[in-house]
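Listed below are the residues making up each chain.
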Amino acid sequence: MSALDPQTLFQEYNGSENAGFATIHAPVHHTPGGTPYLQVPGVVTLARPQTNPTGLAGFLDGFDTSLGFSQYLDDPTTLPESSQLCKIAGQTCYMSFGPKRTMNENAGRYFENLKSSGHGSVFEHANFSLLLYGVSRSLTHELIRHRAGMGFSQLSQRYVSGRMLRFVERPEYRDDAQLHTQFEQRVDRAAEEYAQLTKRLLEMQKEGSTILSAEARTDLRKKVQQAARSVLPNETEAPIVVTGNVRSWRHVIEMRADAHAETEIRELAVRIFLCLNLADPILFGDYEIEQLADGTHAVTTTYRKV
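Our subject in this report is the structure included herewith. If you're wondering where the values come from, they're calculated on a predicted model, not measured in any experiment.

### Topic: the overall build of the protein
And step 1. Along its length, the protein carries 10 helices and 11 strands.
And step 2. Each principal axis of the C-alpha distribution contributes one length, and for the protein these read about 85 × 55 × 30 Å.
And step 3. Per-residue burial over the protein gives 46% buried out of 306 residues.
And step 4. Considering only contacts in the protein between residues 6 or more positions apart, those separated by 24 or more positions represent 73%.
And step 5. A total accessible area of about 15,600 Å² is found for the protein, and carbon and sulfur atoms account for 50% of it.

Quick look at the structure:
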């Protein structure tokens, strides 16, 4: 099966890019009862590395001039800042700043050698922060298992009111009329049950319920919402900001964009790959996309577990 072009798939997913920051937005739908839900994940690149190679000048000038280290800053080829950062880190290990160093125009070959050798520590210097939305609570419970090199900030159902409540439809339900209708009916019921439960808990609070009492207004609201959230299903949307280094993001892609991965999280992982590949096609350029028999996509690489 032939590999698909990442840029083509990025466009197919209605991706957009501004100054190196890639975004794949997800549209919001509504049930006949007005409950909002999403069918596909959204990915927003919030932050990426900013590298300062010129800051090396004082360091490089401190060595014997015959080594030619100062020439390192005269490289005419510009790299993505994440690649430049990782390349500086790797070349520091061997003080490869002289004329015989790998030039930026050959950075692809340089990182290919690192990947094939499994020298993944160099990839830990570059971090990307992504906002992920249109993802269910069940998906994020899987995603946060990727602890090494990752940071997570997720929507709190204790502090966020039902006015922001949205749901996520699984891929298997979208094209089946019966499953789709059942999903819409189910989330309508969940939203209504949450609203009714919140209303009754507020009434109990005003009536002086001890278990719902608190001094601060924020704590009063939290007491109600933490009790009401118990009726929310795993299909509830759980937006999350995730920061990870390149090595960790590669692990997420390899595990979750694999053909054998769970369908919902694979849809997310493919979109994560597309956004990161656009930001740095050198560090993520060894991956290939294939279309599976069911029409969904998977991502593979020869260099797993770098």
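### Some thoughts on the packing of aromatic side chains
Each aromatic ring pair is characterised by the separation of its centres together with the angle its planes make.
And step 1. Under the definition given, this model contains 10 aromatic pairs.
And step 2. Ring centres of Tyr72 and Phe97 lie 4.9 Å apart, and the angle between their planes is 90°; on these two criteria the pair is classed as edge-to-face. Taken together, the positions of Tyr72 in the loop between helix 2 (57–60) and helix 3 (81–93) and Phe97 in the loop between helix 3 and helix 4 (107–117) put the pair 25 residues apart, joining distant regions of the chain.
And step 3. Ring centres 5.2 Å apart and planes at 80° place the aromatic pair Tyr110 and Phe111 in the edge-to-face group. Summarising the burial analysis for this pair, Tyr110 and Phe111 share the class buried.
And step 4. Chaining the aromatic ring pairs together yields one cluster made of Phe59, Phe63, Phe69, Tyr72 and Phe97.
And step 5. In this arrangement the basic side chain of Arg48 is found over the ring face of Phe21, its NZ or CZ atom lying 4.5 Å from the centre.
And step 6. Above the plane of the ring of Phe123 lies Arg250, whose end atom (NZ or CZ) is 6.0 Å from the centre.

### Regarding the packing of helix 9 (residues 246–256) against helix 10 (residues 263–279)
And step 1. Running from N to C, helix 9 and helix 10 point in directions that differ by 140°, and their axes come no closer than 9 Å. On the basis of their axis angle, the class for helix 9 and helix 10 is oblique. In the packing of helix 9 onto helix 10, the handedness of the crossing is left-handed. Contacts between helix 9 and helix 10 pair Trp249, Ile253 and Arg256 from the former with Ile265, Arg266, Ala269, Ile272, Phe273 and Leu276 from the latter.

### Quick word on the environment of Phe167
And step 1. When you line up the elements, Phe167 lands in strand 8 (residues 167–168).
And step 2. Overall, the relative accessible area of 0% leaves Phe167 in the buried class.
And step 3. Along the primary structure Phe167 and Phe183 are separated by 16 residues, whereas in three dimensions their C-alpha atoms are 9.7 Å apart.
And step 4. Sequence-distant contacts of Phe167, defined by excluding residues within four places in its chain, comprise Thr35, Pro36, Tyr37, Leu38, Phe183, Val187, Ala190, Ala191, Pro233, Glu235, Thr236 and Glu237.

About the criteria used
- Residues numbered from 1 in each chain as written.
- Predicted model: local features only at pLDDT ≥ 70, side-chain atom pairs only at ≥ 80, totals over all residues.
- Heavy atoms only, no water.
- Helix = DSSP H or I, 4+ residues; strand = E, 2+ residues; numbered from the N terminus.
- Buried < 20%, exposed > 50% of the residue type's maximum accessible area, 1.4 Å probe, protein only.
- Contact = heavy atoms within 4.5 Å.
- Areas by Shrake-Rupley, 256 points an atom, 1.4 Å probe, with all protein chains shown as cover.
- Phe/Tyr/Trp six-rings, centres within 6.5 Å; stacked < 30°, edge-to-face > 60°.
- Lys NZ or Arg CZ within 6 Å of the ring centre and 35° of its normal.
- Axes fitted to C-alpha atoms, helices over the stretch in contact; angles between N-to-C directions.
- Parallel < 35°, antiparallel > 145°, perpendicular 65-115°, else oblique.
- Left-handed = near helix turned anticlockwise from the far one by under 90°.

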